[in-house]
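# Understanding the architecture of this molecule
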Amino acid sequence: YSGLLLIVLAAALCCYTGKILIACLYEENEDGQLIRVRDTYEDIANACCKKLSPSLGGLVVNVTQVVELIMTCILYLVVSGNLLSHSFPYIPVTEKTWSVIAFVTLLPCIFIRTLKIVSKLSQLCSLVHFVIIFVVITYCLTQMHQWSWAKFRLSLEFENFLVSVGVIIFSYTSQIFLPTLEGNMKNPGEFRCMLNWTHFFACILKTIFALTAFLTWGEKTKEVITDNLPSFLETLVNLCLLTKALLSYPLPFFAATEIVYSCIPNDNHSNYSSPLLALTVRGSFLLLTLLMAMFTPHFALLMGLSGSVTGAAMTFLLPSLFHLKLKWKKLSFLEKCADICVFILGFLCSLAGIVCSIKGLLKIFG
């Protein structure tokens, strides 16, 4: 019950912080009209920290964004290798080798230059995602005769709950991409409506998925839901998940390389340095994600640790803090209270995630 409540709460909070983050891009002119005076998360951070240092805020935000995006890219490679090894257990190939094979299919990413190509791949990713949800929920519905509400317990295992907090919040995070997304919309005025509907439908799908799966398997529900499916469906869904992971990779990869590339001073006198530099940055990032996917021990715990810091910061802490800083005089009392509550909640989530991740690492390296 707490998990289902958390799915709904996380959707509402992430939707709210997305809106206030975009509000920080705009200022009112003399006629009271909202004008977009900032373009990126970095610009918002610099505006908030300009009295302390003109570029300090942007530097902190850029580093945080790049770390989170790189870790996400690595996660997709690790997941791809894991799914391939589970889908073809009879082939004598290690999981790391499967990750290299998945990496080869991602090499064309170094030639992606526009967000339009990324959006097409993300659209395909969403279609595959719907196929996965449809297959799993359909199978669960065929097992409806076994459902029992008695499988739900009212007791709460606090440490497991904290882990689920991080997982559920991570599944909603999109704040890094929102300024660019809003700036590229044909009608930016529809942004708030778009954000409401996408978070609403995401919440509905996640809730139905979680509820039907748990009613079907109860305490036997695995961390990876495909492990609960019959073998013929498990392979099909694993391959769909593999496709989804590979199609998901270009978005964080493109965003990370664009951030780094924009921070590098460009030589305007050279006709070929800019494209060559862009290819070098993308190629280096691609190779970095592979090396870290192959040689980082206990990556899941490391991902949890970095995600607890960067994920909570980019999703809750910074949007609420920046909104309070830039809009303080124009906010109502309730809006100020909402921002402060989101900031405190984000801080507690981050702290809890850090403690759990460090505890896990200490247990392993004990």
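Scroll up to find the structure.
Residues numbered from 1 in each chain as written. Predicted model: local features only at pLDDT ≥ 70, side-chain atom pairs only at ≥ 80, totals over all residues. Heavy atoms only, no water.

## Topic: the overall build of the protein chain
In terms of helices and strands, the protein chain carries 13 helices and 2 strands. The C-alpha atoms of the protein chain give a radius of gyration of 22 Å, which matches the 21 Å a tight globule of 366 residues would have. With respect to the three principal axes, the spread of C-alpha positions in the protein chain is 65 × 55 × 45 Å. Counting all 366 residues of the protein chain, 42% fall into the buried class. A separation threshold of at least 6 residues defines the contact pool for the protein chain, and within that pool the share at least 24 residues apart is 76%. If you sum the accessible surface of the protein chain, you get close to 20,200 Å²; carbon and sulfur atoms cover 70% of it. Between the mean site of the 25 positive side-chain charges and the mean site of the 21 negative ones, the protein chain shows a separation of 2 Å. (Helix = DSSP H or I, 4+ residues; strand = E, 2+ residues; numbered from the N terminus. Rg over C-alpha atoms; globule rule 2.2 N^0.38 Å. Buried < 20%, exposed > 50% of the residue type's maximum accessible area, 1.4 Å probe, protein only. Contact = heavy atoms within 4.5 Å. Areas by Shrake-Rupley, 256 points an atom, 1.4 Å probe, with all protein chains shown as cover. Lys, Arg positive; Asp, Glu negative; His and termini not counted. Charge placed at Lys NZ, Arg CZ, Asp CG, Glu CD.)

## Observations concerning the nonpolar core
Grouped together as the largest cluster of nonpolar side chains are 49 residues, with contacts concentrated most on Leu77, Tyr249 and Phe322. Elements represented by at least two residues in this core include exactly helix 1 (2-23), helix 2 (41-48), helix 3 (56-87), helix 4 (95-105), helix 8 (191-217), helix 10 (250-263), helix 11 (273-295) and helix 12 (299-327). The dominant element in this core, judged by the number of residues it contributes, is helix 3, at 10 residues. Residues within four places of Tyr249 in sequence aside, it is in contact with Cys73, Tyr76, Leu77, Leu106, Cys109, Leu286 and Thr289. With 15 residues, the next largest nonpolar core counts Ile132, Cys140, Ala213 and Leu229 among its residues. (Core = buried A, V, L, I, M, F, W, Y, C linked by side-chain atoms within 4.5 Å.)

## Some words on helix 5 (residues 115-142)
With 28 residues, helix 5 extends 41 Å from end C-alpha to end C-alpha; this agrees with the ideal 40 Å at 1.5 Å per step. The secondary structure elements touched by the buried residues of helix 5 are helix 8, helix 9 (231-248) and helix 10. (Expected span 1.5 Å × (residues − 1).)

## Some details on the packing of aromatic side chains
In total, this model carries 8 aromatic pairs according to the counting rule given. Put simply, the rings of Phe88, Tyr90 and Trp98 pair up and form one aromatic cluster. Above the ring of Tyr172, the side-chain terminus of Lys206 is found at 4.8 Å from the ring centroid. The ring of Trp328 has Lys336 sitting right over it, with the charged end atom 4.0 Å from the ring centre. (Phe/Tyr/Trp six-rings, centres within 6.5 Å; stacked < 30°, edge-to-face > 60°. Lys NZ or Arg CZ within 6 Å of the ring centre and 35° of its normal.)

## What to know about the packing of helix 3 against helix 4
In contact at an axis separation of 8 Å, helix 3 and helix 4 are set at 115 degrees when each is read in the N-to-C sense. Of the two elements, helix 3 crosses helix 4, and the hand of that crossing is right-handed. Seen from helix 3, the contacting residues are Leu77, Val78, Ser80, Gly81, Asn82, Leu84 and Ser85; seen from helix 4, they are Glu95, Trp98, Ser99, Ala102 and Phe103. Here the residues of the contact of helix 3 with helix 4 are counted per class, giving 6 nonpolar, 5 polar and 1 charged. (Axes fitted to C-alpha atoms, helices over the stretch in contact; angles between N-to-C directions. Left-handed = near helix turned anticlockwise from the far one by under 90°. Nonpolar A, V, L, I, M, F, W, Y, C, P; charged D, E, K, R; others polar.)

## Considering the environment of Thr64
Take Thr64: it is sitting in helix 3. Measuring from C-alpha to C-alpha, the distance between Thr64 and Ala313 comes to 8.3 Å, with 249 residues separating the pair along the chain. Each residue touching Thr64, except ones within four places of it in the same chain, is listed here: Thr310 and Met314. A polar atom in the side chain of Thr64 sits 2.7 Å from the backbone oxygen of Val60. (Polar contact = N/O pair within 3.5 Å; in protein donor to acceptor, adjacent residues only side chain to side chain.)

## Side note on the side chain of Glu68
Looking at the element boundaries, Glu68 is found in helix 3. With no salt bridge to any partner, buried Glu68 finds its closest opposite charge in Lys206, at an N-O distance of 13 Å. Every residue in contact with Glu68, bar those within four places of it in the chain, is listed here: Thr173, Ile176, Thr310, Gly311 and Met314. (Salt bridge = Lys/Arg side-chain N within 4 Å of Asp/Glu carboxyl O.)

## Things to note about the pattern of salt bridges
Under the defined criterion, the tally for this structure stands at 4 salt bridges. Two residues, Arg38 and Glu27, come together in a salt bridge whose shortest N-O distance is 3.0 Å. Highlighted residues: Arg38 in the loop between strand 2 (34-36) and helix 2 and Glu27 in strand 1 (residues 26-28), separated in sequence by 11 residues. Residue Asp39 is joined to Arg36 by a salt bridge in which the shortest nitrogen-to-oxygen separation is 3.0 Å.

## Focus: the environment of Gly311
Along the chain, Gly311 falls in helix 12. Along the chain, Gly311 and Gly346 lie 35 residues apart, while their C-alpha atoms are 9.4 Å from each other. With sequence-adjacent residues up to four places away left out, Gly311 is seen in contact with Glu68 and Ser306.

## Considerations on a nonpolar patch on the surface
On the surface, Leu321, Ile340, Phe343, Ile344, Phe347, Leu348, Leu351 and Val355 cluster together into a nonpolar patch covering about 690 Å² of accessible area. It is helix 13 (residues 333-365) that contributes the most residues to the nonpolar patch, 7 residues altogether. As for its placement among the helices and strands, Leu351 is situated in helix 13. (Patch = residues over 30% accessible without salt bridge, like charges linked within 9 Å, V, L, I, M, F, W, Y side chains within 5 Å.)

## Some points on the state of the cysteines
Disulfide: a covalent bond connecting the sulfur atoms of a pair of cysteines. In the structure shown here, the tally under the stated rule is 0 disulfides. The structure places no disulfide on Cys48, whose sulfur is separated from the nearest cysteine sulfur, that of Cys49, by 6.1 Å. You can call Cys48 buried: its relative accessible area is 12%. There is no disulfide at Cys203, and the cysteine sulfur nearest it, in Cys15, is 11 Å away. We classify Cys203 as buried; its relative accessible area is 10%. (Disulfide = S-S within 2.5 Å.)

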